[in-house]
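Observations on the model geometry
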Amino acid sequence: MKIGIISSFGRSFWEYLKISSEIGIKYLELWSYPGYWKPLTIGYTIEGIYNLWPVGGFPPEYADPATGMPSLELKEKIESYGMEVTSFYHKNDFLITDQAKLEYEVKRIRDLCNTLNKWGVEVARVHGGEARNTLVWNISFEKSIELIVEGFKRCIKYAEDAGVYLAIENHGHILQDSDTLIRILREVNSDHLGVTVDTGNFIAYGHRPETVKKNLKE
């Protein structure tokens, strides 16, 4: 088992890697898009945290100019801290009906898969869509699931061709239902699509622990 980290509040990206390495953490999940980093000066309040978002992204000067994804120069820099990137985090959204926006989301997944392949990283934690999106309240729950399934169907061949895996996080209300996740996996029907499990998100949705345990076995 590998124990790693993903993001931090109130420190620079490099300070974060240095401290993590010094306390014995060697593995990193890297955000797939640039963020910004600045000291947390107003304390650990909700307003302060929102003001910092998205601190988890990598330094923008290390973005590949063609895709905006992490460059190979960043890989070398991270490894110089004795750290290894074991997965990427990509916050995609398929809960959209605008075709131009959907094409952009599909392109980003393609760029993500190609970047994973170049980095020698096998897995990316991905999303399906945010239930906070106002679109969700204007269409049915069933239609929302169909949009997510269609989005992954349009992307999954990129993962298969690149030899990498997309792992849906059970996040965003709709995907916090374990039965819905199982349905999406079966309808997309690819060995290159799986799940990143946050058991707390299942419980937050309302599933009892025994239900979560049963569905994990499935």
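Residues numbered from 1 in each chain as written. Predicted model: local features only at pLDDT ≥ 70, side-chain atom pairs only at ≥ 80, totals over all residues. Heavy atoms only, no water.

Points about the pattern of salt bridges
Applying the stated criterion across every chain yields a total of 10 salt bridges. One salt bridge in this structure joins Glu103 and Arg154, with 2.2 Å as the shortest N-O distance. Taken as a pair, Glu103 in helix 4 (residues 99–119) and Arg154 in helix 5 (residues 141–162) lie far apart in primary sequence, 51 residues in all. A residue is classified by how much of its surface remains accessible, and Glu103, at 39% relative accessible area, is partly exposed. A relative accessible area of 28% places Arg154 in the partly exposed class. Asp111 is the salt-bridge partner of Lys107, the closest N and O atoms lying 2.7 Å from each other. With Lys107 and Asp111 both in helix 4 and four residues apart, this pair spans about one turn of that helix. Residue class for Lys107 comes out partly exposed when judged on its relative accessible area of 35%. (Salt bridge = Lys/Arg side-chain N within 4 Å of Asp/Glu carboxyl O. Helix = DSSP H or I, 4+ residues; strand = E, 2+ residues; numbered from the N terminus. Buried < 20%, exposed > 50% of the residue type's maximum accessible area, 1.4 Å probe, protein only.)

Details of the packing of aromatic side chains
Geometry of an aromatic ring pair is reported as the spacing of the ring centres plus the angle between the planes. Enumeration over the complete set of coordinates arrives at seven aromatic pairs. Both rings, one in Trp14 and one in Tyr62, keep their centres 5.6 Å apart while their planes meet at 70°; by these two values the pair is edge-to-face. Highlighted residues: Trp14 in helix 1 (residues 13–22) and Tyr62 in the loop between helix 2 (46–52) and helix 3 (72–79), separated in sequence by 48 residues. Seen from their ring centres, Trp31 and Tyr33 are 5.5 Å apart, and the 65° between their planes marks the pair as edge-to-face. The pair formed by Trp31 and Tyr33 is uniform in burial state, with each residue classed as buried. Here a set of aromatic residues connected by ring pairs shows up, and it is made of Phe13, Trp14, Tyr62 and Tyr81. The ring centre of Tyr89 lies 4.0 Å from the NZ or CZ of Arg125, which sits over that ring. (Phe/Tyr/Trp six-rings, centres within 6.5 Å; stacked < 30°, edge-to-face > 60°. Lys NZ or Arg CZ within 6 Å of the ring centre and 35° of its normal.)

Observations regarding the pairing of strand 4 (residues 123–126)
Across four bridges, strand 3 (residues 84–90) lies against strand 4 in parallel orientation. Directly across from Tyr89, in strand 4, lies its bridge partner Arg125. Taking the sense of rotation as the criterion, the β-α-β connection linking strand 3, helix 4 and strand 4 turns out right-handed. The sheet contact formed by strand 4 and strand 5 (residues 165–169) spans four bridges and is parallel. Among the inter-strand pairings, Val126 is bridged to a residue of strand 5, identified as Ile168. (Pairing = 2+ DSSP bridges. Right-handed = clockwise from strand over helix to strand, strands pointing away.)

Here's the deal with the environment of Phe13
By the element assignment, Phe13 lies in helix 1. With relative accessibility at 4%, the residue Phe13 sits in the buried group. Once the C-alpha coordinates of Phe13 and Gly35 are considered, the two residues, 22 residues apart in sequence, prove to be 9.6 Å apart.

Things to note about the pairing of strand 5
In terms of residue burial, strand 5 counts as a mostly covered element, since four of its five residues are buried. Two elements, strand 5 and strand 6 (residues 193–196), share four bridges in a ladder whose sense is parallel. For Leu166, the partnering residue across the bridge sits in strand 6 and is Leu193. Handedness of the strand 5-helix 6 (residues 178–188)-strand 6 crossover: right-handed.

In short, the description is geometric, and any link to function would need to be established separately.
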